[in-house]
Amino acid sequence: FVLGNGPAGRIYGSTAMPLEMFVHDPATRESRHLGNPTSVNGEIYSLLPWQEQLYVCAYPGGYLSVYDPRRPFKFGTAPTDNPRGFGNLGDGHLRPRAMVLGPADTLFVGSLPPYGQLGGALAAFDLRAGKVTANFRHLVTNQSIVSLAWDPKSGLLFGGSAITGG
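Residues numbered from 1 in each chain as written. Predicted model: local features only at pLDDT ≥ 70, side-chain atom pairs only at ≥ 80, totals over all residues. Heavy atoms only, no water.

## So, the overall build of the protein chain
Looking only at helices and strands, the protein chain features zero helices and 14 strands. For a compact globule of 166 residues, the expected C-alpha radius of gyration is about 15 Å, and the protein chain comes in at 15 Å, within 12% of that figure. Projected onto the principal axes, the alpha-carbon positions of the protein chain cover approximately 45 × 40 × 30 Å. Residue burial in the protein chain is summarised as follows: out of 166 residues, 46% are buried. In the protein chain, the share of contacts with a sequence separation of at least 24, taken over all contacts with a separation of at least 6, comes to 39%. On the protein chain, roughly 8,100 Å² of surface is accessible, and the fraction owed to carbon and sulfur atoms is 54%. A gap of 1 Å separates the mean positions of the 13 positive and 11 negative side-chain charges of the protein chain. (Helix = DSSP H or I, 4+ residues; strand = E, 2+ residues; numbered from the N terminus. Rg over C-alpha atoms; globule rule 2.2 N^0.38 Å. Buried < 20%, exposed > 50% of the residue type's maximum accessible area, 1.4 Å probe, protein only. Contact = heavy atoms within 4.5 Å. Areas by Shrake-Rupley, 256 points an atom, 1.4 Å probe, with all protein chains shown as cover. Lys, Arg positive; Asp, Glu negative; His and termini not counted. Charge placed at Lys NZ, Arg CZ, Asp CG, Glu CD.)

Okay, structure coming up:
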């Protein structure tokens, strides 16, 4: 369902319903099934590597988790768990389509809204503190946030929207 670059030059991806994550190492040509890194049954919509860890955000609810491939796999929500689930991002997040690393180690996630609604959301997640610091709904009236890019030179976060609702 989704593929992306991860820590140590590996390729990570996931399937849809059931949500199962996998990893492929191009250097060794080895592939491994990792299981479900979240507490939800849906699919991972976005992923991003940061400091040898992999952040994944899943449907439903924009459920954010972090996986450290150097540690044993034991899902939970405690700081010692791996992957560690942080929970849902907040109001307006159902399908987290876009994820980008921004200034000051902030992870930004843009989403499509819940079923039957218009107007997605943008969340800011402080990677060092491990928590959502801001959530903005209806940045573009009745549109979802489906793409994000951060320009370090200007310090601006750019986003793309779509008329797709939940």
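After that view, the rundown keeps rolling.
## Focus: the pairing of strand S9 (residues 95-101)
Taking burial as the measure, the seven residues of S9 include five buried ones, the bulk of the element. As paired strands, S9 and strand S10 (residues 106-112) are joined by five bridges and run antiparallel to one another. Bridge assignment links leucine 101 to a residue of S10, and that residue is leucine 107. Between S9 and S10, which pair antiparallel in sequence order, lie four residues; one of them, alanine 104, sits at a positive phi of approximately 55 degrees. (Pairing = 2+ DSSP bridges.)

## What to know about the environment of alanine 149
Counting through the fold element by element, alanine 149 comes out in strand S13 (residues 144-151). Separated by 25 residues in the primary sequence, alanine 149 and alanine 124 place their C-alpha atoms 13 Å from one another. The residues contacting alanine 149, other than those within four sequence positions of it, are Val100, Leu156, Leu157 and Phe158.

## Brief notes about the nonpolar core
Ranked by size, the top nonpolar core spans 14 residues in total, and within it Tyr12, Met21, Leu34, Ile44, Leu47, Leu54 and Val56 carry the most contacts. For this core, the secondary structure elements donating two or more residues are strand S3 (21-25), strand S5 (43-50), strand S6 (53-59) and strand S7 (63-67). If you tally residues by element for this core, the top one is S6, at three residues. Not counting the four nearest positions on each side in its chain, methionine 21 is found in contact with Tyr12, Gly13, Ser14, Arg32, His33, Leu34, Gly35, Pro37, Ile44, Leu54, Val56 and Tyr67. In terms of nonpolar packing, the next biggest core, distinct from the first, is built from 13 residues, Trp50, Tyr55, Leu64 and Phe125 among them. (Core = buried A, V, L, I, M, F, W, Y, C linked by side-chain atoms within 4.5 Å.)

## Here's the deal with the environment of leucine 64
For leucine 64, the position within the fold is in strand S7. Among the residues examined, leucine 64 registers a relative accessible area of 0% and is labelled buried. Among residues more than four places away in sequence, those in contact with leucine 64 are Tyr55, Val56, Cys57, Arg84, Gly85, Phe86, Gly87, Leu89, Met99, Leu107 and Phe125.

## Concerning the pattern of salt bridges
Applying the stated criterion to the full structure yields five salt bridges. With its nearest N and O atoms 3.4 Å apart, the salt bridge here joins arginine 10 to aspartate 25. Here arginine 10, found in the loop between strand S1 (2-5) and strand S2 (11-14), pairs with aspartate 25, found in strand S3; they are 15 residues apart in sequence, far enough to count as distant. With a closest N to O distance of 2.5 Å, lysine 74 and aspartate 81 form a salt bridge. (Salt bridge = Lys/Arg side-chain N within 4 Å of Asp/Glu carboxyl O.)

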